[in-house]
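# Inside the fold
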Amino acid sequence: MKILVTGATGFIGKNLVEFLSKPENEIDCLIRKTSDTSFLKKHKVKLIKGDLNDKNSLKLGRYNIVYHLAGAVGSKGYGHYDETNFKGTINLIESLEGLDKFIYLSSGSAFGDSDKIINEEMESNPCSDYGKSKRNIESHLLKMAEKGFPVIILRPPIVYGEHDDVKRDLSMLKLIKLVTRGNYFTIKNSGETRKSLCYVKNLVEAIELAGKSEKKGEVYFISDSSPSLDELAKQIAEIENIDLKKKNLSIELLENYAKLNEKIFGESADLNTRVIKGMLTTWICDSSKAKKELGWKPKHDLKKSLKNTINWYKNAGILK
Ligand SMILES: NC(=O)c1ccc[n+]([C@@H]2O[C@H](COP(=O)([O-])OP(=O)(O)OC[C@H]3O[C@@H](n4cnc5c(N)ncnc54)[C@H](OP(=O)(O)O)[C@@H]3O)[C@@H](O)[C@H]2O)c1
């Protein structure tokens, strides 16, 4: 099987390359001139230089499966997201000499917020610039599917696990640090808010299954659990064998602190108003379609997944 992985130097891409590294697969990875390829050099993969934002730099052949993971995830403004997530995806497709299957890793953000449990039948209404760019390319790919383009779109929610060392607003690392340092806090009812998650090793299995599936023009939510913030904190405390200390803070106090933090540290502020909004929002998606149609059965439960993640952070020296 001749495979192209884009975004192979990123968090999910590294896990996918590790998982797909099997004798039957011949893997090419699209990398930028500036990409850190030290991880990929430990694997039997071919590195192909190219930038999604520069069509002339993309010299690609024919593939059985293209796993398109590369994307702008933490940038400023719609323009930058659109450039990479929308136009970059089109540049990629137009640069290929042919393919049998195109797997696009979209995001739960392409759907937007909802107080109901979300499924693929429901109308999307993305609220962030990132989500809008993901939804726009989804719509474009689905139109191409009507003309025979063999695409499957996967929408994971918050993903966590090994190799997740990228700075994000709502990251598992932040929660693990708060709990293990005795600083876990809630505001209003944030302890009861639930969020769909996916452990990266469960996600890469779904990605591979999508590549092998006969389905085309389908969208799937890929989530393996939807715990509350308190449940997550409790599991982390149990794994680390510590008593969970919880403080309930005044939201006004925290909002003022977040605003000040943003003024001083700008985009890099750890606690910002987006984090506070995120803490108070429940977001749950239903993955039964992926389980039924792709045969996806997440193998790793929440406890085991959190344990593996904590161990990886410790071994990588990110968590003391
Ligand atoms: N992490 C999550 O929680 C999550 C949740 C839902 C969906 N997703 C989606 O999953 C995909 C992978 O996410 P991730 O968390 O692994 O992201 P990540 O760690 O930030 O990695 C992004 C990857 O995309 C590559 N890339 C970015 N711009 C590019 C360009 N112009 N040309 C070529 N390559 C480019 C990066 O290459 P460099 O190494 O050169 O920077 C990197 O390999 C993204 O499409 C994201 O939208 C992620």
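Keep in mind that this is a model prediction, so the values were computed, not measured.

The next thing to look at is the nonpolar core. Ranked by internal contacts, the top residues of the largest apolar core, which has 64 residues, are V5, I12, Y67, L154, I207 and I222. Apart from residues lying up to four places away in sequence, I222 is in contact with L154, R155, P156, P157, C198, L203, A206, S287, A290 and W296. Y63, A70, F86 and I137 belong to the second largest nonpolar core, which has 24 residues in total.

Let us look at the packing of aromatic side chains. The geometry of an aromatic ring pair is captured by the separation of the ring centres together with the interplanar angle, meaning the angle of the planes. Counted according to the given criterion, the structure contains 6 aromatic pairs. Seen in terms of ring centroids, F102 and F149 are 5.5 Å apart; in terms of plane orientation they differ by 50°. Their pairing is tilted. Taken together, the residues span a long stretch of sequence, with F102 in strand 5 (residues 98-105) and F149 in the loop between helix 3 (129-146) and strand 6 (151-155) at a distance of 47 residues. Ring geometry for Y160 and Y199: centres 5.7 Å apart, planes at 40°, overall tilted. With Y160 in strand 7 (residues 158-160) and Y199 in strand 9 (residues 197-199), this pair connects stretches of sequence that are 39 residues apart.

It is worth spelling out the site of the ligand at this point. If you check the shell around the ligand, you find 25 residues, and the closest are T9, S35, L69, Y130 and K134. The contact in question runs from an oxygen atom of the ligand to an N or O atom on the backbone of G10, over 3.1 Å. At 2.6 Å, a side-chain N or O of S35 approaches an oxygen atom of the ligand. Here the ligand has 910 Å² of accessible area as a free molecule, and 89% of this is covered by the chains. Among the residues forming the shell around the ligand, the class breakdown is 12 nonpolar, 9 polar and 4 charged.

Read across the sheet, 7 strands follow the order 3-2-1-4-5-6-10 without closing on themselves; strand pairing throughout is parallel. Lying at the two open borders of the sheet, with one neighbouring strand each, are strand 3 (45-49) and strand 10 (218-221). With direction set aside, neighbouring strand axes in the sheet form an average angle of 20°. Relative to strand 10, strand 6 runs parallel, the two being bridged by 4 bridges. In the sheet register, R155 faces strand 10, and the bridge partner there is F221.

So, on to the environment of G295. Following the sequence through the fold, G295 ends up in the loop between helix 9 (288-293) and helix 10 (302-315). With relative accessibility at 41%, the residue G295 sits in the partly exposed group. Each C-alpha atom, one on G295 and one on A206, is 8.5 Å from the other, the two residues being 89 residues apart in sequence. If sequence neighbours within four positions are ignored, G295 has contacts with L209 and A290.

It is worth spelling out unusual backbone geometry at this point. Of note in the backbone geometry, K188 takes a positive phi value of approximately 45° without being a glycine. Its location among the elements puts K188 in the loop between strand 8 (185-187) and strand 9. We classify K188 as exposed; its relative accessible area is 57%. The phi angle at N241 is positive, at roughly 60°, despite the residue not being glycine. Structurally, the position occupied by N241 is in the loop between helix 6 (229-239) and strand 11 (247-249).

Between side chains of opposite charge, a pair can form when the charged atoms approach closely. Under the criterion given, the structure shown has 19 salt bridges. Linking K212 and E208 is a salt bridge whose minimum nitrogen-to-oxygen distance equals 3.6 Å. Taken together, the positions of K212 and E208, both in helix 5 (residues 200-212) and 4 residues apart, correspond to about one turn of that helix. For K212, a relative accessible area of 51% translates into the label exposed. Given a relative accessible area of 9%, E208 falls into the buried group. With a closest N to O distance of 3.5 Å, K234 and E238 form a salt bridge.

Analysis parameters
Residues numbered from 1 in each chain as written. Predicted model: local features only at pLDDT ≥ 70, side-chain atom pairs only at ≥ 80, totals over all residues. Heavy atoms only, no water. Core = buried A, V, L, I, M, F, W, Y, C linked by side-chain atoms within 4.5 Å. Buried < 20%, exposed > 50% of the residue type's maximum accessible area, 1.4 Å probe, protein only. Contact = heavy atoms within 4.5 Å. Phe/Tyr/Trp six-rings, centres within 6.5 Å; stacked < 30°, edge-to-face > 60°. Helix = DSSP H or I, 4+ residues; strand = E, 2+ residues; numbered from the N terminus. Near = heavy atom within 4 Å. Polar contact = N/O pair within 3.5 Å; in protein donor to acceptor, adjacent residues only side chain to side chain. Areas by Shrake-Rupley, 256 points an atom, 1.4 Å probe, with all protein chains shown as cover. Nonpolar A, V, L, I, M, F, W, Y, C, P; charged D, E, K, R; others polar. Pairing = 2+ DSSP bridges. Axes fitted to C-alpha atoms, helices over the stretch in contact; angles between N-to-C directions. Salt bridge = Lys/Arg side-chain N within 4 Å of Asp/Glu carboxyl O.

Treat this as a map of the structure, not an account of what it does.
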